[in-house]
Amino acid sequence: MPIRSLPIAGIAILTAIALAGCVPNRVAATSQLTVTMTDDGCAVSGSTAPSGNVAFTLTNTGTDVNEFEILADDKLRIVGEKENVTPGQTVSLVARLQPGTYYTGCRFQQVGATIGQAEFTVTGTTIALDQSTEQLARTAVTDYVSYLRSQVQQLIPAVAGLTTAYEAGDDQAARSLFAGARVFYERIEPTAEQFGDLDPKIDYREVDAVAEDLGWTGFHRIEKDLWPPAAGALNSDGTSATLNWAPSTPAERKTLGDGLVADVQQLSDLVDKKDFTVTLADISNGAIGLLDEVAKSKITGEEDWWSHTDLSDFQANAQGAEVAFGDVMPIAASQGAAGTKLVASIQKEFAALNALLMKYGSIQAGFAPYDQVTDAQRRDLSNQVNALAEPLSQLTHAVLGVPAS
Amino acid sequence: MSDPEHDRSLSRRSLLGLAGAGAAGLALGGGAGVAATTAALAGSTPDPGTRYAFYGAHQAGIVTPAQDRLHFAAFDMSVAATRTELISLLADWTAAAARMTQGLEVGDGSVDGDLLAPPDDTGEARGLPPSGLTITFGFGPTLFTDASGADRFGLASRTPPLLAPLPRFAGDALVPASSGGDLCIQACSDDPQVAVHAIRNLSRIAFGRAALRWSQLGFGRTSSTSTSQATARNLFGFKDGTANIKVEQGSAVDADVWVPASDGPAWLAGGSYLVARKIRMVIENWDRTRLGEQQRVIGRDKGEGAPLSGGTEFTEPDFQAKAADGTAKIDEAAHVRLAHPDFNKGVRLLRRGYNFADGNDQLGRLDAGLFFISFQRSPEQFIAIQRSLARDAMNEYISHVGSAIFAVPPGARAGQTIGESLFA
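**Here we look at the overall build of chain B**
Reasoning step 1: Across its full length, chain B carries 11 helices and nine strands.
Reasoning step 2: Counting every position in chain B, which comprises 424 residues, the buried fraction comes to 56%.
Reasoning step 3: Counting only contacts in chain B whose residues sit at least 6 apart along the sequence, the fraction spanning at least 24 positions is 79%.

This is the structure:
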């Protein structure tokens, strides 16, 4: 990016790099910890370790299959994972961790949120990256696939909760669950879009479904039932909100709710397949694609036209982009001065975007309804998306545009 | 393009440009007059190969013969932007502008880069000649001290004393969203695609440091093939900027356009002040106004452009002339009278405005008018004339919907950055 010259002031590039998975055997673990996995807990024998290779010995003392995860400080990006630990089994995991804050946790039955999440601090100094670009690439792919699976694992119970309330006619409960359920999907949307007709079934807006003559299903059909249009309201394309639309009957709600459950289950089955993988380009282009999603439909308020929960989707897209960036960042950062400069620029703009979004709420506490965000505020958000997207658009080149070492 | 012959010819034309600008019709279409004068001089349509030097004592795009087309953009600095980022932005803008004005693409161009990265240049000007492109930069009052009084970039102490938001004028109907701005870029070219390409790429370069606040497209002559002698018409259908060719001394530009070192601040010496006013015309009302009334409002005849006091287009108006009934031949409220230097203590502006038509408004009326731009040694020159126009008969048919003022730094030498003296 020769035409930009953003100043970089003392931003440590490598603070959050963590490597796991393909750790060379020749490197001895410097720390030994044990993890006791139970149905309702995840006890790690210590909460701190020096930087370097950290060995975890996992024992599942519970009643069903479990998995152990080490998350980065965003509690999203996975930097180490062991799946399919069966009751009574003891296995080991070696993670190569840089100084920083991490979170450990278990995912009982490999679905839903992590249990027993605990802060884990890695101290000491940054360790040198002596891995080849190929090794860094393998790690990035491993970590990103783990992250995709972790999001789908949480999507399934979230969608189940939403559709249960929706089908039961408990609209108040369903409305409170709507934005939260979408978060897990919005974080990984570019991956879902790879699977043909799955994304249209799960996430199409009415105007797109009508234009393509598809039966309209998924989140947004449910949304319109939960936030029914007022008399005279218009769709985002200016047509009458009641054109070929009526509130779903209880029977239709059941069909729609069960359909969404089945569709996200199919997504889960696809990403859980043993041979499922992604490429480095998928990851970095996915980061760019998520920002484009924000710039195209979230910033205009067209995505969640009836619920006005666009900012929640916005934040989820941005988080998904940041995780994808985080996974390939060590590769970009290893490409000399230009790489470190690009990484610093992207990190700076992600921080600015997150700070801006924080003014409007959070995924946990909820966001301001987007119809209450003024045009001037939307412009500020749009400008910051552009500020981030411009350096982010160089990421694929930085990751792949160099000869492998 | 720094050969002295070319520079001389530029300055020769610029004198005539100033002369055209000094004509009647302050608020309406100085730029058109300049363009027409130039066309008359050249005796042909603009040469698409025309290329103006970017570097020089003054920025190009001021006394440069007015091109056919305009894309003007105002930017605001990002909330978190630092002084260092402002300086780097101006450096990046300078580098890109220096290339684009010479007909070159930005950075590594639009097609020769790595397939995995977006191209540096957006590409729509690829293969097009320079088309007389000039790119001119300016600094708004809010760059020095923002609306809340904050000195974001450590520049408050360097604010030109005369650089302040314009006072309110009679008939103002300003829209804040199309007024003001921390920075401005005026891109002029004989090809609209070349002008838009310039603003688009400079906007992209700014992402993260500055963002578009508003922008305006303009067109000047109704056709780039107009005959050499025809003075252009504004959207009222009148010849505008008809020669007031008394100003032929080279000293006029120095006296009325450039800020001399003696005026201060030192960093602005060789620069100028730019005033931009978006003037909406109530076209529909004007069009059903009887011809006699239209001519009374302007003070000129619609066909020839001759002053109503008699003569031809280039005859100097006689403001004392009386009709048989004893009334002034050129109405007391005629635009040509109130805008004339004789009624403004000899004050002149170098006008470089363009017509605009931005589709239509909600009521189905054409959203059209004049995007007025003037360059002057002091904003007081504009303020004096605009105050004089408070009782202009034309006001019934116009409203000012946008307003901005910028200090235009001097030109840069090769290797320097535009505005470098401000940060020295």
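**A word on the nonpolar core**
Reasoning step 1: Counting 79 residues, the largest nonpolar core has A:Phe219, A:Leu267, A:Leu280, A:Leu311, A:Phe314 and A:Leu381 as the members making the most contacts within it.
Reasoning step 2: Beyond its immediate sequence surroundings of up to four residues, A:Leu280 is in contact with A:Ala137, A:Ala140, A:Val141, A:Val328, A:Ile331, A:Val399 and A:Leu400.
Reasoning step 3: If you look at the next biggest cluster of nonpolar residues, it comprises 70 residues, including B:Met77, B:Phe139, B:Phe169 and B:Ile418.

**With respect to the pairing of strand β9 (residues 100-106) of chain A**
All names here are of chain A.
Reasoning step 1: The buried count for β9 comes to five of seven residues, which makes it a mostly enclosed element.
Reasoning step 2: Bridge count for β9 against strand β10 (residues 115-123) is six bridges, and the pairing is antiparallel. Within β10, the position partnered with Thr 104 by the bridge is Ala 118.

**Brief notes about the state of the cysteines**
Reasoning step 1: Here the structure, examined in full by the defined rule, presents one disulfide over all chains.
Reasoning step 2: Each sulfur in the disulfide pair A:Cys42 and A:Cys106 lies 2.1 Å from the other. Between A:Cys42 and A:Cys106 the disulfide shows an S-S torsion of about 65 degrees. By sign, it is right-handed. Within this pair, whereas A:Cys42 is found in strand β3 (residues 41-44), its partner A:Cys106 is found in strand β9, the two being separated by 64 residues in sequence.
Reasoning step 3: With relative accessibility at 8%, the residue A:Cys42 sits in the buried group.
Reasoning step 4: No disulfide involves B:Cys188; its sulfur sits 11 Å from that of B:Cys184, the nearest cysteine.

**A few points about the environment of A:Thr114**
Residues and elements named next belong to chain A.
Reasoning step 1: Along the chain, Thr 114 falls in the loop between β9 and β10.
Reasoning step 2: Residues Thr 114 and Gly 41, spaced 73 residues apart in sequence, show a C-alpha to C-alpha distance of 9.4 Å.
Reasoning step 3: Setting aside chain neighbours within four positions, we find Thr 114 in contact with Glu 69, Gly 105, Cys 106 and Arg 107.
Reasoning step 4: Side chain to side chain, Thr 114 and Gln 117 meet in a polar contact 3.0 Å long.

**As for the interface of chain B and chain A**
Reasoning step 1: Chain B puts 20 residues into the contact, and the matching count from chain A is 19 residues.
Reasoning step 2: There are two salt bridges connecting chain B and chain A.
Reasoning step 3: Put simply, the parts of the chain that give the side of chain B that touches chain A at least two residues each are α3 (83-100), α5 (192-206) and β4 (210-219) of chain B.
Reasoning step 4: For the side of chain B that touches chain A, the residue count by class is eight nonpolar, four polar and eight charged.

**Quick look at the environment of B:Glu332**
Reasoning step 1: Tracing the backbone shows B:Glu332 in the loop between α8 (291-298) and α9 (335-338).
Reasoning step 2: Among residues more than four places away in sequence, those in contact with B:Glu332 are B:Arg337, B:Leu338 and B:Arg391.

**Topic: the pattern of salt bridges**
Reasoning step 1: Here the structure, examined in full by the defined rule, presents 39 salt bridges over all chains.
Reasoning step 2: The closest approach of N and O atoms between B:Arg209 and B:Asp92, which form a salt bridge, is 2.9 Å. Of this pair, B:Arg209 sits in the loop between α5 and β4 while B:Asp92 sits in helix α3, and the two are 117 residues apart along the sequence.
Reasoning step 3: With a relative accessible area of 12%, B:Asp92 lands in the buried category.
Reasoning step 4: Between B:Arg296 and B:Glu293 there is a salt bridge whose closest N-O contact spans 3.0 Å. Of the two residues, B:Arg296 and B:Glu293 both sit in helix α8, three residues apart, roughly one turn of that helix.
Reasoning step 5: A single salt-bridge network, built from bridges that share partners, covers A:Arg182, A:Glu186, A:Asp203, A:Glu293, A:Lys298, A:Glu303, A:Asp304 and A:Asp313.

Calculation criteria
- Residues numbered from 1 in each chain as written.
- Chains lettered and ligands numbered in written order.
- Predicted model: local features only at pLDDT ≥ 70, side-chain atom pairs only at ≥ 80, totals over all residues.
- Heavy atoms only, no water.
- Helix = DSSP H or I, 4+ residues; strand = E, 2+ residues; numbered from the N terminus.
- Buried < 20%, exposed > 50% of the residue type's maximum accessible area, 1.4 Å probe, protein only.
- Contact = heavy atoms within 4.5 Å.
- Core = buried A, V, L, I, M, F, W, Y, C linked by side-chain atoms within 4.5 Å.
- Pairing = 2+ DSSP bridges.
- Disulfide = S-S within 2.5 Å.
- Polar contact = N/O pair within 3.5 Å; in protein donor to acceptor, adjacent residues only side chain to side chain.
- Salt bridge = Lys/Arg side-chain N within 4 Å of Asp/Glu carboxyl O.
- Nonpolar A, V, L, I, M, F, W, Y, C, P; charged D, E, K, R; others polar.

Read these as layout, nothing more, since geometry by itself doesn't imply function.
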